[in-house]
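Summary of the model geometry
The lines below spell out each chain.
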Amino acid sequence: MHPREQTIFALSSGRPPSAIAVVRVSGSQANQILAALAGKLPAPRLAGRRLLRDVAGRPIDDAVVLWFPGPASATGEDVAEFHVHGGRAVLSALLAAISAIPNTRAAEPGEFTRRAFENGKLDLTEAEGLDDLIHADTDRQRRQALRQLQGLLGNRARDWRERIIEASALIEAGIDFSDEGDVPAELMAPALKMIRALHGEITEVLAAQGHAERLRDGLVVAIAGPPNVGKSTLINQLARREVAIVSPHAGTTRDVIEVQLDLDGYPVTVIDTAGIRETDDPVEQEGVRRARARAADADLVLWLTGPGVDAEGRPVGTAPVWVVRNKIDLGEGAPVAEAAVDRTFAISARRGDGLAELIEALVGFAGEFFGTGEGALVTRARQRELLRQAADGLQRGLILVKDGEELVAEELRAAAYALGRLLGRVDVEDVLGAIFQKFCIGK
Ligand SMILES: Nc1nc2c(c(=O)[nH]1)N(C=O)[C@@H](CNc1ccc(C(=O)N[C@@H](CCC(=O)O)C(=O)O)cc1)CN2
Ligand SMILES: Nc1nc2c(ncn2[C@@H]2O[C@H](COP(=O)(O)OP(=O)(O)OP(=O)(O)O)[C@@H](O)[C@H]2O)c(=O)[nH]1
Ligand SMILES: [Mg+2]
């Protein structure tokens with residue numbers, strides 16, 4: 001039997017041991033597997049409690065099972081689910097019993113989703129939303145992913161694609177019916193009106209996205225500055241745990257230390273770096289090199305200073321730099337040179353003074369960086385590039401009107417093709433394979 005026709009199974013819940021584990025089975029053998037292990041099938045989509053037994057009749061576990069006959073299932077195929085106790089031995093006995101049935105095999109990463117996609121349950125943007133939802137760590141990531149899973153981008157793209165095809169049909173009809181190849185104005189005018197409207201709608205969606213794509217990875221904030229000013233103390237405060245070593249010796253931190261924070265639903269990676277100074281120690285030199293490199297790549301730099309330390313030496317790059325004067329509990333530090341500094345703060349990382357204001361400002365920065373989010377439909381470079389191709393095709397179509405309707409029709413075909421790829425309708429096997437492989441096993 002071809003691998004595509006085999007029945008697939010996987011542990012769809014987290015790593016064992018867990019209280020309950022869910023094993024999903026999808027394919028033509030699902031019915032037989034469920035009957036072999038659980039006996040009588042429960043009514044479709046209703047939970048049933050069964051003692052599961054292996055082929056030799058030995059008990060495996062006291063379980064809850066579900067039966068979703070296709071095509072009204074998550075994958076569109078027959079689906080069976082085993083909700084068992086999530087111990088390693090239970091799972092290995094269950095998976096062994098399932099794989100003993102012919103024409104079954106362990107699912108590859110993303111293969112359930114792939115089958116749902118092949119069976120028209122999801123388009124490619126919805127599948128991408130599903131993958132993002134599984135990986136969402138913060139509330140805003142979750143909301144963005146859910147919008148995509150629900151088809152907000154996919155539905156728009158389907159509508160655009162249909163309207164492009166309608167506009168092409170008008171033009172092609174005109175080309176076919178006219179002797180000279182001159183499309184009559186009563187066909188051409190409405191077609192051009194549609195193209196202009198479509199171009200406007202697609203460019204509007206592209207413009208509204210801001211950094212929404214970055215919501216998947218998060219914003220990177222680098223804490224940098226001279227040695228001993230309290231950078232590691234600050235990251236520990238932000239993380240609310242001792243992620244970095246703090247000591248009164250200058251040159252304590254050498255490696256880059258990262259923590260993932262959830263700031264009001266925004267994903268933010270904060271990095272602590274080695275104090276930047278001239279040094280003869282080769283290990284510290286490497287730390288300083290890494291500190292400079294990471295600060296240069298960050299979306300925002302918090303440049304820490306302390307009493308008697310001025311804000312000189314801070315990076316001048318593309319990212320905004322906030323000067324954070326630390327250790328205010330020891331008295332006023334050197335006045336900050338205001339020029340070329342985006343914002344300044346005064347804190348005591350040790351005592352906590354000023355941290356609430358700093359965090360509030362970070363949330364505000366994240367909000368501006370990602371945009372309000374609720375309007376953004378595009379979450380990946382793949383989607384953005386294909387929408388851009390569609391918009392460019394429409395625009396070229398409008399420009400080429402004077403050079404002949406054939407050329408316009410050609411550009412419309414390219415635009416519709418780009419949207420088809422966005423939805424996953426026209427892609428070749430390896431493109432789809434590359435996308436689904438990155439998904440989780442059991443999804
Ligand atoms: N136990 C369990 N929980 C789960 C899932 C699952 O597969 N199993 N899901 C897995 O993704 C998610 C829920 N998504 C689902 C999506 C579609 C269908 C489904 O049966 N769809 C049919 C019937 C639709 C209906 O009646 O509403 C269909 O689309 O035809 C089920 C779950 C999250 N929770
Ligand atoms: N009084 C006071 N001391 C602080 C404050 N923040 C940090 N310190 C102290 O300053 C010293 C250096 O702190 P660290 O957090 O290790 O400084 P760092 O900038 O990470 O230093 P390097 O890793 O060496 O670059 C430690 O003794 C901290 O306890 C503060 O707000 N007030
Ligand atoms: Mg440090």
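Here the structure is a predicted model, which is why all the values come from computation and not from measurement.

A large share of strand β11 (residues 321-325) lies buried, amounting to five of its five residues. Side chains Val321, Val323 and Arg325 of β11 all project onto a buried face; the interleaved residues Trp322 and Val324 project onto the opposite face, where all are buried too. Across five bridges, strand β10 (residues 300-305) lies against β11 in parallel orientation. In the sheet register, Val301 faces β11, and the bridge partner there is Val321.

Following the UniProt record, one finds the feature "binding site: (6S)-5-formyl-5,6,7,8-tetrahydrofolate" (unreviewed entry) at Arg24, Glu81, Lys121 and Lys443. With respect to the element layout, Arg24 can be found in strand β2 (residues 18-26). Taking the relative accessible area as the measure of exposure, Arg24 reaches 11% and is therefore buried. Here Arg24 is in contact with Ile8, Phe9, Ala10, Ser12, Ala74, Ala80, Glu81, Phe112, Gly442 and Lys443, once residues within four sequence places are set aside. Overall, the relative accessible area of 24% leaves Lys443 in the partly exposed class. Contact partners of Lys443, with chain neighbours within four places excluded, come to Arg24, Gly110, Glu111, Phe112, Thr113, Leu130 and Ile134.

The local shell around ligand 2 holds 23 residues, among which Lys231, Thr233, Gly251, Thr252 and Asp329 are the closest. Thr233 has a polar side-chain atom sitting 2.6 Å from an oxygen atom of ligand 2. When the free accessible area of ligand 2 is taken as 650 Å², the share hidden by the protein chains comes to 94%. Residues that form the shell around ligand 2 fall into these classes: seven nonpolar, twelve polar and four charged.

Taken together, Arg24, Arg45, Pro71, Ala72, Ser73, Ala74, Glu81, His83, Lys121 and Lys443 form the complete shell of residues around ligand 1. Here an oxygen atom of ligand 1 and a side-chain polar atom of Arg24 are 2.8 Å apart. Lys121 has a polar side-chain atom sitting 2.5 Å from an oxygen atom of ligand 1. Protein contact buries 45% of the 670 Å² of open area that ligand 1 shows by itself. Across the shell around ligand 1, the residue classes tally to three nonpolar, two polar and five charged.

So, on to the packing of helix α6 (residues 152-177) against helix α12 (residues 405-423). Remark: α6 packs on α12, axes separated minimally by 9 Å, with the N-to-C direction vectors making an angle of 160°. Accordingly, the angle class assigned to the pair α6 and α12 is roughly antiparallel. Our pair here, α6 against α12, has a crossing hand that is left-handed. In the contact of α6 with α12, the residues fall into 16 nonpolar, three polar and six charged.

A few words now on the sheet that holds strand β5 (residues 79-86). Across the sheet, six strands lie side by side as β3-β4-β5-β2-β1-β6; this open sheet has mixed pairing. Each edge of the sheet is formed by a strand with only one pairing partner; in this case those strands are β3 (48-53) and β6 (104-106). Strand-to-strand, the axes of this sheet are offset by a mean angle of 30°, without reference to chain direction. Note that strand β1 (residues 7-11) and β6 share three bridges and pair parallel. Within β6, the position partnered with Phe9 by the bridge is Ala106. Across the sheet, helix α1 (residues 30-38) touches β1, β2, β3, β4 (59-68), β5 and β6, and the angle it forms with β3 is around 80°. Relative to the sheet, helix α3 (residues 111-118) contacts β1, β2 and β6, its axis offset from that of β1 by approximately 135°.

Before going further, it helps to examine the coordination of the magnesium ion (ligand 3). Protein coordination of the magnesium ion (ligand 3) is provided by Ser232 (OG) and Thr253 (OG1), with donor distances spanning 2.0 to 2.1 Å. Here the residue Ser232 occupies a position in helix α8 (residues 231-239), and Thr253 occupies one in the loop between α8 and β8 (257-263), the gap between them amounting to 21 residues. Comparing Ser232 with Thr253, the two get one shared label, buried.

Our focus in this paragraph is the packing of aromatic side chains. On inspection of all chains with the given rule, the structure shows seven aromatic pairs. Geometrically, the ring pair formed by Phe117 and Phe436 is tilted, given 5.6 Å between the ring centres and 45° between the ring planes. Taken together, the positions of Phe117 in helix α3 and Phe436 in helix α13 (residues 429-437) put the pair 319 residues apart, joining distant regions of the chain. Judged on exposure class, the residue Phe117 and its partner Phe436 are both buried. Geometrically, the ring pair formed by Tyr266 and Phe370 is stacked, given 5.7 Å between the ring centres and 15° between the ring planes. Of this pair, Tyr266 sits in strand β9 (residues 266-272) while Phe370 sits in helix α10 (residues 355-370), and the two are 104 residues apart along the sequence. On the basis of relative accessibility, which here comes to 3%, the residue Phe370 falls in the buried class. Chaining the aromatic ring pairs together yields one cluster made of Tyr266, Trp322, Phe345, Phe365, Phe369 and Phe370. For Arg24, the ring lying beneath its charged end belongs to Phe112, and the centroid distance is 4.7 Å. One residue, Arg343, lies across the ring of Trp322, its end atom 5.4 Å from the ring centre.

What counts as what
Residues numbered from 1 in each chain as written. Chains lettered and ligands numbered in written order. Predicted model: local features only at pLDDT ≥ 70, side-chain atom pairs only at ≥ 80, totals over all residues. Heavy atoms only, no water. Buried < 20%, exposed > 50% of the residue type's maximum accessible area, 1.4 Å probe, protein only. Helix = DSSP H or I, 4+ residues; strand = E, 2+ residues; numbered from the N terminus. Pairing = 2+ DSSP bridges. UniProt positions renumbered as here; feature names shortened; annotations may be inferred. Contact = heavy atoms within 4.5 Å. Near = heavy atom within 4 Å. Polar contact = N/O pair within 3.5 Å; in protein donor to acceptor, adjacent residues only side chain to side chain. Areas by Shrake-Rupley, 256 points an atom, 1.4 Å probe, with all protein chains shown as cover. Nonpolar A, V, L, I, M, F, W, Y, C, P; charged D, E, K, R; others polar. Axes fitted to C-alpha atoms, helices over the stretch in contact; angles between N-to-C directions. Parallel < 35°, antiparallel > 145°, perpendicular 65-115°, else oblique. Left-handed = near helix turned anticlockwise from the far one by under 90°. Donors = N, O, S within 2.8 Å, 3.2 Å for Na, K, Ca; no water. Phe/Tyr/Trp six-rings, centres within 6.5 Å; stacked < 30°, edge-to-face > 60°. Lys NZ or Arg CZ within 6 Å of the ring centre and 35° of its normal.

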